[in-house]
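Chain by chain, the residues run as shown.
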Amino acid sequence: MPKMRAAQIARPGWPFEIVERPIPQPDADWVRIRVQACGICHSDSLVKEGHWPGLQYPRIPGHEAVGVVDAVGAGVSQWKPGQRAGVGWHGGHCGHCDACRSGNFFGCPVALQITGISFDGGYADYMVAPAIALALVPEDLSAVEAAPLMCAGITTYNALRNSHARPGDVVAVLGLGGLGHLGVQYAAKMGFKTVGIARGSDKEPLARKLGAHHYIDSQAQDPAAELLKLGGAKVILATVTNGDAMSAVQGGLGINGTLVVIGAAESLQVSPLVLISGRRSVKGWYSGTAIDSQDTLKFSVLAGVRSMNEVFPLEKVAEAYERMMSGKARFRVVLTTGQ
Ligand SMILES: NC(=O)c1ccc[n+]([C@@H]2O[C@H](COP(=O)([O-])OP(=O)(O)OC[C@H]3O[C@@H](n4cnc5c(N)ncnc54)[C@H](OP(=O)(O)O)[C@@H]3O)[C@@H](O)[C@H]2O)c1
Ligand SMILES: [Zn+2]
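Residues numbered from 1 in each chain as written. Chains lettered and ligands numbered in written order. Predicted model: local features only at pLDDT ≥ 70, side-chain atom pairs only at ≥ 80, totals over all residues. Heavy atoms only, no water.

(A) Quick peek at the overall build of the protein. The number of helices and strands found in the protein is 11 helices and 15 strands. Taken along the three principal axes of its C-alpha coordinates, the protein extends 65 × 45 × 40 Å. Each of the 339 residues in the protein was classed as buried or not, and the buried ones make up 56%. Of the roughly 14,100 Å² of accessible surface on the protein, a fraction of 52% belongs to carbon and sulfur atoms. Across the protein, the centroid of the 31 positively charged side chains sits 5 Å from that of the 28 negatively charged ones. (Helix = DSSP H or I, 4+ residues; strand = E, 2+ residues; numbered from the N terminus. Buried < 20%, exposed > 50% of the residue type's maximum accessible area, 1.4 Å probe, protein only. Areas by Shrake-Rupley, 256 points an atom, 1.4 Å probe, with all protein chains shown as cover. Lys, Arg positive; Asp, Glu negative; His and termini not counted. Charge placed at Lys NZ, Arg CZ, Asp CG, Glu CD.)

(B) Unusual backbone geometry, seen in detail. Here the bond from Tyr57 into Pro58 is cis, since omega is -5°, no more than 30 degrees from zero. As for its placement among the helices and strands, Pro58 is situated in the loop between α1 (44–49) and β4 (65–72). Of the consecutive residues Arg330 and Phe331, the connecting peptide bond is found in the cis state with omega at -5°. By the secondary structure assignment, Phe331 is in the loop between α11 (317–326) and β15 (332–336). The backbone of Asp29 shows a phi angle near 70°, a positive value even though the residue is not glycine. Within the fold, Asp29 resides in the loop between β2 (16–22) and β3 (30–40). Backbone geometry places Asn256, a non-glycine residue, at a positive phi of 65°. Take Asn256: it is sitting in strand β12 (residues 253–261).

(C) View of the sheet that holds strand β11 (residues 233–238). Ordered in space as β10-β9-β8-β11-β12-β13, the 6 strands form an open sheet in which the pairing is parallel. The open sheet terminates on both sides in strands that have one partner only, identified here as β10 (214–217) and β13 (281–284). Strand-to-strand twist across the sheet, computed as the mean angle between neighbouring axes with direction ignored, equals 20°. (Pairing = 2+ DSSP bridges. Axes fitted to C-alpha atoms, helices over the stretch in contact; angles between N-to-C directions.)

(D) Looking closely at the coordination of the zinc ion (ligand 2). At this site the zinc ion (ligand 2) is bound by Cys41 (SG), His63 (NE2) and Cys151 (SG), with donor distances of 2.0 to 2.3 Å. Sequence positions of the residues that donate to the zinc ion (ligand 2) give the spacing C-x21-H-x87-C. Here His63 is found in the loop between α1 and β4, whereas its partner Cys151 is found in the loop between α3 (143–146) and α4 (152–161), with 88 residues between them in sequence. An identical accessibility class is assigned to His63 and Cys151; each is buried. (Donors = N, O, S within 2.8 Å, 3.2 Å for Na, K, Ca; no water.)

(E) Highlighting the pattern of salt bridges. Overall, the coordinates contain 16 salt bridges when judged by the stated rule. Residues Asp70 and Arg32 are paired through a salt bridge, measuring 2.5 Å at the closest nitrogen-oxygen approach. Taken as a pair, Asp70 in strand β4 and Arg32 in strand β3 lie far apart in primary sequence, 38 residues in all. What makes Asp70 partly exposed here is its relative accessible area of 26%. Overall, Arg32 belongs to the buried group, its relative accessible area being 12%. A salt bridge links Glu226 to Lys229, with the shortest nitrogen-to-oxygen separation between them at 3.0 Å. A residue pair is termed a helical-turn pair when its members lie 3 or 4 positions apart in one helix, as Glu226 and Lys229 do in helix α7 (residues 223–229) at 3 residues. Residue Glu226 is classed as buried on the basis of its relative accessible area, which comes to 18%. Lys229 gets classed as exposed once you look at its relative accessible area, which sits at 63%. Ionic contacts of the salt-bridge type, sharing partners, join the residues Arg5, Asp125 and Glu315 into one network. (Salt bridge = Lys/Arg side-chain N within 4 Å of Asp/Glu carboxyl O.)

Geometric values such as these leave the question of function open.
Have a look at this one:
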């Protein structure tokens, strides 16, 4: 049986190990991808550290995978070997139940799956995924360019385009990591008055290069007060992993402003007075489906949005993951298989 390399986590909290595994066969309605690149998202720490309830180990993480369709299972007519495809966090839904028919794919009780969590992900030479979870990757983007857009990109792009902010409105992006640095670019390209907020001054030149019209150093300034000086934010896209940092910006929302929570922080304190006095709100946002990924890729090509990447070969997965966790990566770490 032909073999492949994969970076797996054997048990919660264990280090990455490179193992040989049989190349998986696609079942009916599934597709096999020869992976070329896979981004490392902060959410992969849920797999690494065992923070996802009920997750079965060993598990291969990775939900920013891009490669070439290599084989298709029975019943798959929409994908052919040789097509370029990507898979993000949303790993599929049935498409037929009441929830799916009403557009609530994330509530699908039949076949909701998460890539790299419900089934093995893209830290490997090959992976299989439900055909419904695949996005077509345009020729204009290399695999390394496209990979981070499959989660960091779609999540920020989709959250912003589904927000109630309009061109010219103040939109702040809290945190300039993998997600945040793309969020700043999308916000600027969508025509919002874009504010980058991060810790320290070293990210200011990068934030401005990415399109931020304003920059707030959350260690030197009160981000809420600074946002109010700009008229208050219509939307604050909170991409940080820390709840206190999110709590600290809510006072910077303008009237009818919304704090859109994307970062998986443990907890968040919200002041009822802040909400009531300005009809403000707090909501969460979850990435999107394959069609949202395709929209993200197309918009990124159209508007020139690109992830800034640090690239590591698959064998260096442990080093690459630590680089992401250290917060020093500028800005996304991407694994490549050399295929
Ligand atoms: N909702 C979704 O669909 C979705 C999708 C993907 C990821 N996520 C989640 O989004 C978050 C960001 O992911 P990522 O891949 O962008 O991570 P990342 O590249 O590691 O970036 C982490 C960000 O968190 C900030 N941060 C870390 N510790 C902090 C602290 N103590 N105080 C304030 N800020 C702190 C950093 O801020 P500075 O810029 O100030 O250094 C950085 O911007 C993660 O929680 C991830 O699980 C959610
Ligand atoms: Zn992710």
